[in-house]
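# A look at the structure
Spelled out from the first residue to the last, the chains are:
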Amino acid sequence: AGFIKSPLSQKRLTQDSVELYCEAIGNPIPEIQWWFEGNEPNETYAQLWDGARQDRVKINATYNLHSTSTISIANLTSDDSGMYECRASNDPDRNHLSKSPKVKWIRSQANVFVIERPDIKAHLNDVSGKLILSCNISAPYPGIEGHEWMHGDKVLQTDTEPSTFTSYMIEGKMEEHSGVYECVYKANPVVKGQVNISVPPQVMAYKKSEHGNEGDTGVLTCKNPSFPPVSSWVWYKNGQEVSAPIVNGSGRYIIKSSGNKTELRILKLSIEDDTGDYHCNATNSQGLGGATVNLRVRSRLAALWPFLGIVAEVLVLVTIIFIYEKRRKPDEVLD
C-alpha cells in the first residue's frame, strides 16, 4: 500500500515552497518514485528526480522496515502547478524497459496550485509622534477574511475586515520601536507584507562601570537592541583618536563581535595603563551610535584591606581591654 500523508490539495504563492510526504508498506520494501503532470493541455506524467528544475526539487527517501519519501520544491513558479503523484512498487521488474511488471504501481496523488504573489505596497509615516504602518494590495485578492499585525512572534493587532488595506499605529519615537513588522492577510494562501522601522544603532553598555583586579582579564560588553543589525563595531579608549581604534589581537586586546553584540577583553589588567573610559561605536545602514564603559582596576591587595581593617580593630580592642585590666584597682580581700 502507498499513500500521501500531506493534504491532497495545496495552494501556494510564487516564490514560496511546498513539501509532500509519501509512505509505502510492503514486503519486500517497495521503491517510491515521484511523478508530475502539469496543467497544460496534452501534458503527460514525467518522473521527478532529486536536483530537477534547476536544483529546486529535493527528494529524500528512507527504506527501513517500510518506505518513506519527501519531495520539496523551492522558489515556486506557476509552471510548478499540477498533479504530483507518489508511486510505490516492490515488483522485481518494476523498472524493466520492455517487461511488464506483475504487480502494478500503487499510486497516490496531490494537487498543487501555485498562485501569482500579489504586490503589497508597504508604508511608514511619522505623524505628530505617532508611527502609522500600512499595507495595501495593489490588485484585488480573493478570500481575504481579516488581517494581523505581527512583530516577531507577537500578534499586535487582529481584525476580520475583508479589505486589501490595513494599518497599525504605534505611539512613540521610532528609536523605541525599531524592528521588522508584518502585515498578514488571512486568506488561502496567507499573504504577508513587511514594514521596517530602521534607526541608527541605539548602543547600550551591558554595565556602565566595570571593575577588575590587577593581573586579571577585564571584559567590557556593548549591545544594540535596535534594527537594522550592526554591520561593524569599533572600540577605542578615551584620550585616543577615534581614527586610531583598538585593533583586535594587538597587545593585550581581544575583540569579539557578533551581530548586535561586541565584547572587549583586556588581558593582565594594569592600574596605570587600563583604568579609564572605553567607547564602543556601532555602524549600520542608518548611521552611527555609541556608548561608554568605565573600567576601574583595583590592586590585588584591595580585597585584603577589609580583612586587615577588622584585624586592626580587634587588636585595638584587645589592647584597650588589657590596659584597662592592668589599671583597675584589685578587689578587697574578704575576711
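Now for a look at the structure at hand. (Residues numbered from 1 in each chain as written. Predicted model: local features only at pLDDT ≥ 70, side-chain atom pairs only at ≥ 80, totals over all residues. Heavy atoms only, no water.)

### Re the overall build of the protein chain
From N to C terminus, the protein chain includes three helices and 24 strands. Rg of the C-alpha trace for the protein chain: 36 Å, well past the compact-globule value of 20 Å for 335 residues, more than 25% over. The principal-axis extent of the C-alpha atoms belonging to the protein chain is close to 130 × 60 × 55 Å. Looking at the protein chain as a whole, 34% of its 335 residues are labelled buried. Counting only contacts in the protein chain whose residues sit at least 6 apart along the sequence, the fraction spanning at least 24 positions is 61%. As displayed, the protein chain offers around 20800 Å² of accessible surface, 53% of which is attributable to carbon and sulfur atoms. Side chains of the protein chain give 35 positive and 40 negative charges; the mean places of these two sets differ by 4 Å. (Helix = DSSP H or I, 4+ residues; strand = E, 2+ residues; numbered from the N terminus. Rg over C-alpha atoms; globule rule 2.2 N^0.38 Å. Buried < 20%, exposed > 50% of the residue type's maximum accessible area, 1.4 Å probe, protein only. Contact = heavy atoms within 4.5 Å. Areas by Shrake-Rupley, 256 points an atom, 1.4 Å probe, with all protein chains shown as cover. Lys, Arg positive; Asp, Glu negative; His and termini not counted. Charge placed at Lys NZ, Arg CZ, Asp CG, Glu CD.)

### A look at the sheet that holds strand β13 (residues 154–159)
Taken in spatial order, the four strands of this open sheet run β13-β12-β15-β16, and their pairing is antiparallel. The sheet is open, and its two borders are formed by β13 and β16 (191–197), each paired with just one other strand. Going from strand to strand, the sheet's axes swing by 20° on average, the running direction of each strand aside. For strand β12 (residues 147–151) and β13, the ladder comprises five bridges, and the chain directions are antiparallel. Following the sheet pairing, Met150 is matched in β13 by Val155. (Pairing = 2+ DSSP bridges. Axes fitted to C-alpha atoms, helices over the stretch in contact; angles between N-to-C directions.)

### Some remarks on the packing of aromatic side chains
One pass over the structure, following the stated rule, counts two aromatic pairs. Look at Trp149 and Tyr168: their rings are 6.2 Å apart centre to centre, the planes differ by 25°, and that puts the pair in the stacked class. Here Tyr168 lies in strand β14 (residues 165–171) and Trp149 lies in strand β12, a separation of 19 residues in the sequence. Tyr168 carries the same exposure label as Trp149, and that label is buried. We note Arg53 situated over the ring of Phe36; from NZ or CZ to the ring centre the distance is 4.3 Å. Positioned above the aromatic ring of Tyr45, the side-chain terminus of Arg87 is 5.5 Å from the ring centre. (Phe/Tyr/Trp six-rings, centres within 6.5 Å; stacked < 30°, edge-to-face > 60°. Lys NZ or Arg CZ within 6 Å of the ring centre and 35° of its normal.)

### Description of the environment of Tyr21
Note on placement: Tyr21 falls in strand β3 (residues 18–24). For the pair Tyr21 and Ala122, spaced 101 residues apart in the sequence, the C-alpha separation amounts to 36 Å.

### Here we look at the state of the cysteines
Going through the model one piece at a time under the given rule, you end up with three disulfides. Disulfide pairing places Cys135 opposite Cys183 at an S-S distance of 2.1 Å. When the S-S torsion is -90°, as for the bridge of Cys135 with Cys183, the disulfide is left-handed. Linking Cys135 in strand β11 (residues 130–137) with Cys183 in strand β15 (residues 179–185), this pair joins segments that are 48 residues apart in sequence. Each of the two residues, Cys135 as well as Cys183, counts as buried. A sulfur-sulfur separation of 1.9 Å characterises the disulfide bridge that pairs Cys222 with Cys280. Given an S-S torsion of about -80°, the disulfide between Cys222 and Cys280 has left-handed geometry. You can see Cys222 sitting in strand β19 (residues 218–223) and its partner Cys280 sitting in strand β23 (residues 276–284), a full 58 residues away along the chain. (Disulfide = S-S within 2.5 Å.)

### A word on unusual backbone geometry
Here Asn27 and Pro28 are connected by a cis peptide whose omega angle stands at 0°. Within the secondary structure, Pro28 is located in the loop between β3 and β4 (31–38). The step from Asn188 to Pro189 runs through a cis peptide bond, and the omega angle for that step is 0°. Topologically, Pro189 is positioned in the loop between β15 and β16. The backbone of Leu65 sits at a positive phi, close to 70°, despite the residue not being glycine. Tracing the sequence through the fold places Leu65 in the loop between β6 (57–64) and β7 (66–73). The exposure class assigned to Leu65 is exposed, which follows from its relative accessible area of 73%.

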